[in-house]
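Descriptive analysis of the structure
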Amino acid sequence: MNTNLEITVVILGVALLLIVVFAVPFLLQLWRSAKNAAVTLEILNQRLPSILANLEEITLNVRKTTAAVNGRVEEVSAAIQKVQGFVSLVGGVNPLFLLRPRGFIGKLRTIMALFKGINAFLYVLRTGEKAPGDAGKPRSTDQF
């Protein structure tokens, strides 16, 4: 019975020795990895403030660019609305000629009024101000 106990102790001792032999390289590699991670963490801590400053600068530039693009889009949208208004006005002018029969003078006055309106529209489109000579003039109510 003593021999069985001795054999068991020897087998357990060999098994423990094998575990230790295989565990030592694993533990050495784990120690090296922890050491490299510490160096990497130190480098990251040194460079992180400059990275964050660059990130804040990029964010600020993106915000400024977005605001500028939004402003331009609004300007273009306003111009497009003016052009759409002009196009609908021009589209509505054609029936004016067909409403009632007029002579040459009536059609000429309508065309002149149309050109005056187009000129005022283009002036307002270019400058954004009211057309000169338009303020304070009474509107004519006489029919052609």
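Bear in mind that the values here come from a model prediction, so they are computed numbers and not experimental data.

1. Looking at the overall build of the protein chain
Looking only at helices and strands, one finds two helices and zero strands in the protein chain. Carbon and sulfur atoms make up 69% of the accessible area of the protein chain, which amounts to about 12500 Å² in all.

2. Focus: helix α2 (residues 104-127)
Between its first and last C-alpha atoms α2 spans 34 Å; for 24 residues at 1.5 Å apiece the expected length is 34 Å, and the two agree. Inspection of α2 places G106, T110, I118 and F121 among the buried residues, and these make up the whole buried set. Trailing α2 by a residue or two, G128 shows a phi angle of about 80°, which is positive.

3. Observations concerning a nonpolar patch on the surface
On the surface, L41, L44, L48, I51, L52 and L55 cluster together into a nonpolar patch covering about 520 Å² of accessible area. For L52, the location among the structural elements is in helix α1 (residues 2-99). Looking at L52, the relative accessible area reads 41%, which means it is partly exposed.

Reading guide: rules and limits
Each chain carries its own residue numbering, running from 1 in the direction its sequence is written. For this predicted model, a pLDDT threshold of at least 70 governs which residues receive local features, and a threshold of 80 or more governs which side-chain atom pairs are given and counted, while totals over whole chains, interfaces and linings are taken from all residues. The side-chain values count all of the structure's non-hydrogen atoms but skip hydrogen atoms and water molecules. A run of DSSP states H or I qualifies as a helix once it reaches four residues; a run of E qualifies as a strand once it reaches two. Both are numbered from the N-terminal end. The Shrake-Rupley method, run with a 1.4 Å probe, gives the accessible areas here. Residue values count only the displayed protein chains as cover. How far a helix is expected to stretch is found by multiplying one less than its residue total by 1.5 Å. Each residue gets one of three labels from its accessible area relative to the maximum for its type: buried under 20%, exposed over 50%, partly exposed in between, using a 1.4 Å probe on protein chains only. Here a patch means residues that are over 30% exposed by relative accessible area and free of salt bridges, tied together within 9 Å if like-charged and within 5 Å if nonpolar (Val, Leu, Ile, Met, Phe, Trp, Tyr). Whenever Lys or Arg places a side-chain nitrogen within 4 Å of a carboxyl oxygen from Asp or Glu, that contact is recorded as a salt bridge.

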